[in-house]
Amino acid sequence: MPELPEVESIRLALDGRLTGEVVRWARINLQRIVRRGRIELLVGRRMLSTGRRGKFIWFDFEGEVRLFAHMGMSGTLLWLGDDIEEPSHVRAVLGFTTGRLAYRDPRTLGGLWIVSDGVSPWRKMGIDLLDPRFTTAEFARLLAGRRSSIKTTLMNQTLIAGLGNIYTSETLFRAGIHPGRPARELKPDEVRRLHRSIIDTLKSAIKNRGTTFRDYRLSDGRSGGFQDFLKVYAKDGEPCPHCGGPIKRTVQAQRSTYYCPRCQR
DNA sequence: AGCTCACCCTGGACGC
DNA sequence: TGCGTCCAGGGTGAGC
């Protein structure tokens, strides 16, 4: 589910609430959601800070212990006050003095990692899209020689980390670039436009607390707001906001892509 | 090394 | 109401 803006929105909402708090107890409802380590290792430890890279979020605890979470397609982290009942599909819970942090994931495609040896859960992750080192020049370097489509390439987390299916469609539309173009054939001017579009789209989405489609919620239960600003995603057949022609849906690498055939070349 | 595909899961929407 | 089918914000690992 969540892409960079949703994960960052969750992190921002939890950071102020959890930093400095001590884990009192922990519970796992579905064991296979824990991909590495033991959740009990967190009990008694104070949370020091939060972080994010790509679509991974993490929480640093005393004693060099770090909890990583990846939400997969349907996961989220919910803050539950003491009076709030636990919703369905909660796979793990951490208890604090002021409330509980619940990992909810209906499809169980996400996971948790409890790490004390400094080893990150990802095999290879590209540069985070909000990292200042993600420049136009760096972007051009990463795209060079890539034969696959720009849509598929933007989704490749080992190159650049953070874009998923919603924001790739949106960012390509905003840059006026056809999703089927081979990545290596983009002109320098188009690379610049796309780079600008990626950063602008992500920042704007974060400002709006992400996109709510189906059941994504922020940790306090609120919806995101960026769905009101989507221009093409899930809008096949609807008029393009630029030219009025019909938005098209196509499938690339088994995922839906939405675009305007007239505005995106 | 780069690329494509099948697969991992559950739930909701839709058609009959 | 019930059943079958399709679809969904993602990542991996095998095989070419």
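Conventions adopted
Residues numbered from 1 in each chain as written. Chains lettered and ligands numbered in written order. Predicted model: local features only at pLDDT ≥ 70, side-chain atom pairs only at ≥ 80, totals over all residues. Heavy atoms only, no water. Pairing = 2+ DSSP bridges. Helix = DSSP H or I, 4+ residues; strand = E, 2+ residues; numbered from the N terminus. Axes fitted to C-alpha atoms, helices over the stretch in contact; angles between N-to-C directions. Contact = heavy atoms within 4.5 Å. Near = heavy atom within 4 Å. Polar contact = N/O pair within 3.5 Å; in protein donor to acceptor, adjacent residues only side chain to side chain. Nonpolar A, V, L, I, M, F, W, Y, C, P; charged D, E, K, R; others polar.

(A) Seen up close, the sheet that holds strand β7 (residues 90-95). Spatially, the four strands line up as an open sheet ordered β1-β7-β8-β6, and their pairing is antiparallel. Of all the strands in the sheet, the pair left with one neighbour each is β1 (25-28) and β6 (76-81). Geometrically, the sheet is characterised by an average inter-axis angle of 20 degrees between neighbouring strands, direction not taken into account. Pairing between β6 and strand β8 (residues 99-104): six bridges, direction antiparallel. Opposite Gly81, over in β8, you have Gly99 as the bridge partner. With respect to the sheet, helix α1 (residues 4-18) is in contact with β6 and β8, its orientation differing from that of β6 by roughly 35 degrees.

(B) Region of interest: the protein's contact with DNA strand B. In the vicinity of DNA strand B, the residues found are Arg32, His89, Pro106, Arg107, Thr108, Leu109, Arg146, Arg147, Ser148 and Gln254. A share of 65% of the atoms of DNA strand B within 4 Å of the protein falls on sugar and phosphate groups. Contacts to DNA strand B include Pro106, whose backbone N or O atom sits 3.4 Å from a sugar or linking oxygen. Between DNA strand B and the protein, one listed contact pairs a base oxygen with a side-chain N or O atom of Arg107 at 3.0 Å. A class-by-class count of the residues in the surface near DNA strand B yields two nonpolar, four polar and four charged.

(C) Structural detail: the sheet that holds strand β5 (residues 65-70). Ordered in space as β2-β9-β5-β4-β3, the five strands form an open sheet in which the pairing is mixed. The sheet is open, and its two borders are formed by β2 (34-36) and β3 (47-53), each paired with just one other strand. The sheet shows a mean angle of 25 degrees between the axes of neighbouring strands, direction not considered. In this sheet, strand β9 (residues 111-115) lies alongside β5 in antiparallel orientation, the contact comprising five bridges. Note that in β9 the partner of Phe68 across the bridge is Trp113. Its contacts with the sheet put α1 on β3 and β4 (56-61), and the angle it makes with β3 is roughly 170 degrees.

Everything listed here is a matter of coordinates, which is why it stays silent on function.
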